Amino acid sequence: MMDKIYINNLEFIGFHGVFSEEKKLGQKFLVSLELTVDTREAGKTGDLTKSVHYGLVAQDVEKLFLEKSIDLIETCAENIAEMVLKKYELVKEVKVIVKKPWAPLQMHFENVAVEITRKWHRVYLSLGSNIGNKRKNLLEAIRKIGELENTEVVKSSTILETEPFGYLEQDNFLNACLEVKTLMTAQEFLKEILQIELDMGRVREIKWGPRIIDIDILFYDKEIIEEDNLAVPHPWICEREFVLDPLSEIAPNYIHPLEKKTITMLARKLKEREANRSEERRVGKECRS
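The rules behind each value
- Residues numbered from 1 in each chain as written.
- Predicted model: local features only at pLDDT ≥ 70, side-chain atom pairs only at ≥ 80, totals over all residues.
- Heavy atoms only, no water.
- Helix = DSSP H or I, 4+ residues; strand = E, 2+ residues; numbered from the N terminus.
- Expected span 1.5 Å × (residues − 1).
- Buried < 20%, exposed > 50% of the residue type's maximum accessible area, 1.4 Å probe, protein only.
- Arc of directions from axis to C-beta.
- Contact = heavy atoms within 4.5 Å.
- Pairing = 2+ DSSP bridges.
- Salt bridge = Lys/Arg side-chain N within 4 Å of Asp/Glu carboxyl O.
- Axes fitted to C-alpha atoms, helices over the stretch in contact; angles between N-to-C directions.

Caption draft 1: Here's a closer look at the environment of Lys-144. Here Lys-144 is to be found in helix H5 (residues 134-146). Remark: the alpha-carbon pair of Lys-144 and Pro-101, spanning 43 residues in sequence, is separated by 43 Å.

Caption draft 2: Main features of H5. Taking 1.5 Å of rise per residue, the 13 residues of H5 would be expected to cover 18 Å, and the 19 Å separating its terminal C-alpha atoms lies within 8% of that figure. Three or more residues of H5 are buried, namely Lys-134, Asn-137, Leu-138, Ala-141, Ile-142 and Ile-145. Buried residues in H5, looked at end-on, bunch into an arc of 130°, giving them a common side. For H5, the elements touching its buried residues are strand S5 (121-129), strand S6 (151-156), strand S8 (173-182), helix H6 (186-199) and strand S9 (214-220).

Caption draft 3: Structural context of the pairing of S8. Along S8, nine of the 10 residues are buried, which leaves the element largely enclosed by surrounding structure. Of the strand pairs in this sheet, S5 and S8 are connected by nine bridges, and their pairing is antiparallel. Across the sheet, the residue bridging to Ser-126 is Cys-177, located in S8. In the sheet, S6 pairs with S8 via five bridges, with the strands oriented antiparallel.

Caption draft 4: Representation of the pattern of salt bridges in the model. Scanning the entire structure with this criterion turns up 15 salt bridges. For Asp-221, the salt bridge is made with Lys-119, and the minimal N-O distance between the two is 3.9 Å. Pair noted here: Asp-221 is in the loop between S9 and strand S10 (225-227) and Lys-119 is in strand S4 (residues 112-119), with a separation of 102 residues, a long-range link. Owing to a relative accessible area of 14%, Asp-221 belongs among the buried residues under this scheme.

Caption draft 5: Up close: the sheet that holds strand S1 (residues 3-14). Pairing in this open sheet of four strands is antiparallel, and the strands run S1-S2-S3-S4 from one edge to the other. Looking along the sheet, the strands with just one partner apiece sit at the ends: S1 and S4. Geometrically, the sheet is characterised by an average inter-axis angle of 15° between neighbouring strands, direction not taken into account. Inspection of the sheet shows strand S2 (residues 27-37) paired to strand S3 (residues 93-100) by seven bridges, in the antiparallel sense. Of the residues in S3, the one forming a bridge with Glu-34 is Lys-95. Those strands touched by helix H3 (residues 54-66) are S1, S2 and S3, and its axis lies near 35° from that of S1. Across the face of the sheet, helix H4 (residues 73-87) comes into contact with S2, S3 and S4 while running at roughly 30° to S4.

Here is the structure:
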């Protein structure tokens, strides 16, 4: 469990709301934040740079909240959360509550409020190409991923040449893995990388067939996702050396949330299985000859 910094009920007169009267007359809003931060070093040393200055956060929230009129307090909350996470690197997660005590309701009430929790997500990706200038394709895809909104490439493996998997009548691949941090949900991120594939000319004709670029989500935080268009962890991770080898380079101690083993352990086990299969094929061939 990490530490928390609370900023409770900052009071502003803002001009947010769907109705024109709300935008003209203004009304009171209360904004609260819960910041997830590791404060231990700051607490031990007295060094404020090792924590988050709540006074500066409050000033930034005020500036953002008052700079323009917005219809929904949901949007206000999203904007505040995004600003805090992008500007304050030490904040790992933020909860934002926006209260609207003067909301236009024809009854007695204390307030209307929206509460959201947002954080940086850690995503691991596998990239592959075996058409055209393969290295250029990978580097272009990595650049495009890094240019996505609210997304940053944290680590990139070396580029490896590997033999094709599944459909063998095709050229060798170049493969790499990335660690990315993003504020997007898994589905939002999937939509973006599919668009990158499309923009780069990816055509899906043969399963496991040739491709100019292939981008797969391997892990999204420690989440287990089972949806029609997305399975996370990627179901083929444990069977693919071209995934485990570059992944073990950038995340050797990452624990697979289903297998409960590190990437290094999974890579070693796969190599042992492949060695055993090779030996069995060799012995079988000798017996037949």
